[in-house]
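The chain contents come next:
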Amino acid sequence: MKKTLGLFAAAMLLVGGVAFADEAMLIDFTLLDADCVEDENGNATQNKHTVMDFSVSAGSTFTDDQRALMRTSLALPEWEVVLNSSAKTVSALADSQVVAAPVKGEADVPFAGSNVMGVRIEFPEWNSNANAKIVPPFKIPAYEVLADADDSGNRQEPTDEQKASGKTLFEDGYGLVKNVGTLKAISVTTMGMNFPHGLYVLLSDNDNVTRRYFMGFLGFDGWKELRWNNPQYLTEIRNREIRVYPIYPRGMPFVKFEGFQITRDAAHVGGTFIGYFKDVKIIYDKAVLTSDRDIADEDLWGIITKKENARQNAEMQRFGNKQVNRYLEKAKIAAEDDFTSSLNEDSSSNAQSNGGQAAEVAE
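For the protein chain, the helix and strand inventory stands at seven helices and 16 strands. For the protein chain, the proportion of its 363 residues judged to be buried stands at 40%. A separation threshold of at least 6 residues defines the contact pool for the protein chain, and within that pool the share at least 24 residues apart is 74%.

What follows is about the nonpolar core. In summary, soluble globular proteins display a tendency toward joint burial of nonpolar side chains. Trp79, Phe257 and Phe260 are the most contacted members of the largest nonpolar core, which has 57 residues in total. For Trp79, the residues in contact, after removing those within four places along its chain, are Ile27, Phe29, Leu32, Leu74, Val98, Met117, Ile134, Val135, Pro136, Pro137 and Phe257. In this structure, Ala101, Val103, Phe111 and Val116 belong to the second largest nonpolar core, which totals five residues.

This part covers a nonpolar patch on the surface. Residues Ile295, Leu300, Trp301 and Ile303 make up a contiguous nonpolar surface patch of about 450 Å² in total accessible area. Among the structural elements, Ile295 can be located in the loop between strand 16 (271-286) and helix 5 (297-301).

Before going further, it helps to examine the pairing of strand 13 (residues 210-217). Inspection of the sheet shows strand 12 (residues 198-205) paired to strand 13 by seven bridges, in the antiparallel sense. Residue pairing for strand 13: Tyr200 is matched across the bridge by Phe214. Hairpin connection from strand 12 to strand 13: four residues lie between these consecutive antiparallel strands, with Asn208 at a positive phi of about 65 degrees.

All told, the structure shown has eleven salt bridges when counted by the stated rule. The closest approach of N and O atoms between Lys278 and Asp28, which form a salt bridge, is 3.4 Å. Of this pair, Lys278 sits in strand 16 while Asp28 sits in strand 1 (residues 22-28), placing them 250 residues apart in sequence. A relative accessible area of 10% means that Asp28 is categorised as buried. Each of Asp28, Lys278 and Asp279 takes part in one network of salt bridges that share partners.

We now examine the pairing of strand 8 (residues 115-123). Across the nine residues of strand 8, seven count as buried, placing the element largely inside the fold. Bridge count for strand 8 against strand 16 is seven bridges, and the pairing is antiparallel. For Ile121, the partnering residue across the bridge sits in strand 16 and is Phe273.

This part is about the packing of aromatic side chains. Evaluation of the coordinates by the stated rule reveals 13 aromatic pairs. Between the aromatic rings of Phe29 and Phe260, the centroid separation amounts to 5.9 Å while the plane-to-plane angle is 50 degrees, which identifies the pairing as tilted. Highlighted residues: Phe29 in the loop between strand 1 and strand 2 (36-38) and Phe260 in strand 15 (residues 254-264), separated in sequence by 231 residues. Accessibility assignment for this pair places Phe29 and Phe260 in one class, buried. Here the aromatic rings of Trp79 and Phe257 are separated by 6.1 Å at their centres, their planes lie at 45 degrees, and the arrangement is tilted.

Looking now at the side chain of Ser204. If you trace the backbone, Ser204 turns up in strand 12. For Ser204, a relative accessible area of 1% gives the class buried. A polar side-chain atom of Ser204 sits 2.6 Å from a polar atom in the side chain of Glu258. If we skip the residues at most four places from it in the chain, Ser204 touches Val209, Thr210, Phe254, Val255, Lys256 and Glu258.

Right, let's talk about the side chain of Thr50 for a bit. Within the secondary structure layout, Thr50 lies in the loop between strand 3 (44-46) and strand 4 (52-53). Within the structure, Thr50 has its side chain in polar contact with the backbone nitrogen of Leu74 (distance 3.0 Å). Look past the residues within four positions of Thr50 in its chain and what remains in contact with it is Leu32, Thr72, Ser73, Leu74, Ala75, Phe138, Arg155, Phe170 and Tyr174.

Looking at where Phe214 falls in the secondary structure, it is placed in strand 13. By relative accessible area, Phe214 is classed as partly exposed at 35%. Separated by 15 residues in sequence, Phe214 and Asn229 place their C-alpha atoms 9.7 Å apart.

With that settled, consider unusual backbone geometry. One non-glycine residue with positive phi stands out, namely Val37, at about 55 degrees. Despite not being glycine, Asp172 has its phi angle at roughly 65 degrees, a positive value. Tracing the backbone shows Asp172 in the loop between helix 4 (160-165) and strand 10 (176-178).

Parameters at a glance
- Residues numbered from 1 in each chain as written.
- Predicted model: local features only at pLDDT ≥ 70, side-chain atom pairs only at ≥ 80, totals over all residues.
- Heavy atoms only, no water.
- Helix = DSSP H or I, 4+ residues; strand = E, 2+ residues; numbered from the N terminus.
- Buried < 20%, exposed > 50% of the residue type's maximum accessible area, 1.4 Å probe, protein only.
- Contact = heavy atoms within 4.5 Å.
- Core = buried A, V, L, I, M, F, W, Y, C linked by side-chain atoms within 4.5 Å.
- Patch = residues over 30% accessible without salt bridge, like charges linked within 9 Å, V, L, I, M, F, W, Y side chains within 5 Å.
- Areas by Shrake-Rupley, 256 points an atom, 1.4 Å probe, with all protein chains shown as cover.
- Salt bridge = Lys/Arg side-chain N within 4 Å of Asp/Glu carboxyl O.
- Pairing = 2+ DSSP bridges.
- Phe/Tyr/Trp six-rings, centres within 6.5 Å; stacked < 30°, edge-to-face > 60°.
- Polar contact = N/O pair within 3.5 Å; in protein donor to acceptor, adjacent residues only side chain to side chain.

Okay, here's the thing in structure tokens:
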């Protein structure tokens, strides 16, 4: 009898250990292919699932062409490289970029044939501590309604199935995980190129606090999963400091992806950095056992929606203005590469090249 009870207790501990923390895909870059909003050449420019129309908060003075530029998504070429002041040179700003990097179909990885995030960063050649952030084109919204978009990037009305799911647009691998309590571990799938630089993951929470987590150094060759383990994570419940927070209107706790940070030490080699990233995953404790409430608090009070709308409108205004300024700056760029000649073409009076003059002297 005692042996049976011992086995039962061990089984219960095992089940409790398995159910103690959940694993979730925070962001999967293979999902962010451009598949809608074609340009003048017929090439897709935006990601249909994550496309956002920021023109809804723009003023009436903008033209239709300018408003069209305010539609963007998490498509990989839309991501930005933000250099710190010591690394911000003209050539570095021009060459540092994010692209969709195709993985060969015969590669020995589960995501062979898919596109991952490819990053190029131009660090200073001289001895200087420098860093760069790879950030999405906009702050990932936490409460955007889950709905499909058409080929032009216009968001449709959510279906009954989408409403019943209770999920928002950027969950399930698009940058957001909800009902997150304590983080136990973070994993990044990346391809190393023997660079000695450090890698950080940037995450923010429902209190709008951004934290960075050191994943390790990139001095290896090939694909690898870098892992951060929470040194303050306690598996023994009796040793934990129990804190109870109001569930509403603070909102369901969440984490969302804010980007990567690459750090280059002054003692290490500078110049061009190339990196590839496939995904970011987290293991976490649930904040609450169930998110299915008997009363729809938000439908009744609307407090979180009001806060989120104010925050999102501010973000839309900021991003919309930035896109319009880019459009206007692009329109002002000089289109000519050569000067219009003031001489007659093929005239014998025109000076010959140095090679021609050298030939005449030799004769």
